[in-house]
Amino acid sequence: MRIGRILKIVVIVLLVGFLLIQLVPYGRAHDNPAVVSEPNWDSPETRALAERACFDCHSNETVWPWYSNVAPVSWLVQHDVDEGRQFINFSDWINSGEVDELSEVVNRGEMPPFQYFPTHPEAKLTDAERAALADGLAATVAQSPATTGREHGEHEEHEEGE
Ligand code: HEC
């Protein structure tokens, strides 16, 4: 077979595959549930930094770009948001579990995850901004009502069987 012909077949197979995976559902629709409760922010600056770097995956105010509807990106984005909200949800603070980790994760530069930056350069914080966010989050956690998330809840035993 000529190399040109093989290439053509490969391209067609890839194209058909790309179209077919669009039919695979990515779970429930990209949705933004109502905001339940926000933490008692220590300052508007802290909230603004968190909104810039964290809210897309850790709030109910996610901005869903057009490519978040195109597989396979749609699956990855949905997965990040589902999992992110499960750990920390700034729009459902009362049910957020890992709030004690917040400033530590920021200090260590672990969040946002690296795959987020190519499409969200604005989420990249300077060293000063990162320090301000880490301090602000620590202060916010200290003055916000205790959460009932999985790590902290008294309900842990009841959830075990589910
Ligand atoms: C692109 C989506 C995304 C963004 C943006 C994002 N996170 Fe996350 N975050 C996740 C996901 C997914 C998890 C759960 C899995 C994991 O730990 O990697 C998570 C987990 C966490 C956890 C739980 C502790 C841990 O790492 O296991 C904390 C705390 C956290 N994020 C804080 C933040 C903060 C603070 C920001 C903003 C500076 C942020 N995240 C931005 C997706 C995101």
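Just so you know, these numbers come straight off a predicted model, no measurement behind them. (Residues numbered from 1 in each chain as written. Predicted model: local features only at pLDDT ≥ 70, side-chain atom pairs only at ≥ 80, totals over all residues.)

1. With respect to the overall build of the protein
Quick reminder of the rule: Counting from the N terminus, the helices are the DSSP runs of H or I reaching at least four residues and the strands are the DSSP runs of E reaching at least two. We call a residue exposed when 12 or fewer other C-beta atoms sit within 10 Å of its C-beta, buried when the count reaches 20 or more, and partly exposed for counts in between; the C-beta positions come from the backbone. In this description, a residue-residue contact is defined by the distance between C-beta atoms placed from the backbone, which must lie within 7 Å.
If you tally the helices and strands in the protein, you get seven helices and zero strands. Reading the protein from its N end, one meets helices and strands in the order α-α-α-α-α-α-α. Residues counted as buried form 23% of the 162 residues belonging to the protein. Within the protein, contacts between residues separated by at least 24 positions form 80% of all contacts whose residues are at least 6 apart in sequence.

2. Structural notes on the site of the ligand
The test is simple: For each residue, a C-beta position is placed from the backbone atoms; the residue is near a molecule or strand when that point lies within 6 Å of it. Polarity classes work like this: nonpolar for Ala, Val, Leu, Ile, Met, Phe, Trp, Tyr, Cys and Pro, charged for Asp, Glu, Lys and Arg, and polar for all others, with Gly in that last group.
The ligand sits among 20 residues. The nearest are Cys54, Cys57, Gly84, Met111 and Pro112. Put simply, the parts of the chain that give the shell around the ligand at least two residues each are helix H3 (55–58), helix H4 (73–87) and helix H5 (102–107). Among the elements that line the shell around the ligand, the one with the most residues is H4, at four residues. The class makeup of the residues in the shell around the ligand is twelve nonpolar, two polar and six charged.

3. Quick look at the confidence of the model for the protein
For clarity, the cut-off: Think of pLDDT as the predictor's per-residue confidence, scored from 0 to 100.
Of the residues in the protein, 89% reach a pLDDT of 70 or more, and the chain-wide mean stands at 88. For the protein, helix H7 (residues 156–160) is the element with the lowest average pLDDT, namely 42, and helix H2 (residues 44–53) is the one with the highest, namely 98. Here residues 152–162 is modelled with pLDDT under 50, and outside its nearest four sequence neighbours on either side it reaches six contacts, counting other chains as well.

4. Things to note about helix H6 (residues 127–142)
Applied cut-off: To estimate the expected span of a helix, count its residues, drop one, and scale the result by 1.5 Å.
The terminal C-alpha atoms of H6, which comprises 16 residues, lie 23 Å apart, in line with the 22 Å expected from a rise of 1.5 Å per residue. For H6, every residue scored as buried is listed here: Leu133, Ala134, Gly136, Leu137, Thr140 and Val141.

5. Things to note about unusual backbone geometry
Of the consecutive residues Ala71 and Pro72, the connecting peptide bond is found in the cis state with omega at 0°. Mapped onto the secondary structure, Pro72 falls in the loop between H3 and H4. For the bond running from Met111 to Pro112, omega is -5°, close enough to zero to count as cis. With respect to the helices, strands and loops of the structure, Pro112 is situated in the loop between H5 and H6.

6. Comments concerning the nonpolar core
How we decide: The nonpolar core is taken to be a set of buried Ala, Val, Leu, Ile, Met, Phe, Trp, Tyr and Cys residues joined by way of C-beta atoms within 7 Å.
Residues Ala50, Cys54, Leu102, Val106, Leu133 and Leu137 are the most contacted members of the largest nonpolar core, which totals 18 residues. Counting only elements with at least two residues in this core, the list comes to H2, H4, H5 and H6. A per-element tally of this core places H6 first, with four residues. Once residues within four sequence positions are removed from consideration, Val106 is found in contact with Met111, Arg130, Leu133, Ala134 and Leu137.

7. Quick word on the environment of Asp100
Mapped onto the elements of the fold, Asp100 is located in the loop between H4 and H5. Under the C-beta neighbour-count criterion, Asp100 is labelled exposed, with 12 such atoms within 10 Å. Counting along the chain gives 37 residues from Asp100 to Leu137, while the straight-line C-alpha distance between them is 9.4 Å.

8. A short note on H4
The test is simple: The arc in question is traced by the directions running from the helix axis to the C-beta atoms.
Under the 1.5 Å per step criterion, the end-to-end length of H4 is 21 Å for 15 residues, consistent within 8% with the ideal 21 Å. Considered for burial, the residues of H4 that qualify are Ser74, Val77, Val81, Gly84 and Arg85. Across the axial projection of H4, the buried residues extend over an arc of 110°, all falling on one side. Exposed positions of H4 whose direction lies more than 90 degrees from the buried face are His79 and Glu83.

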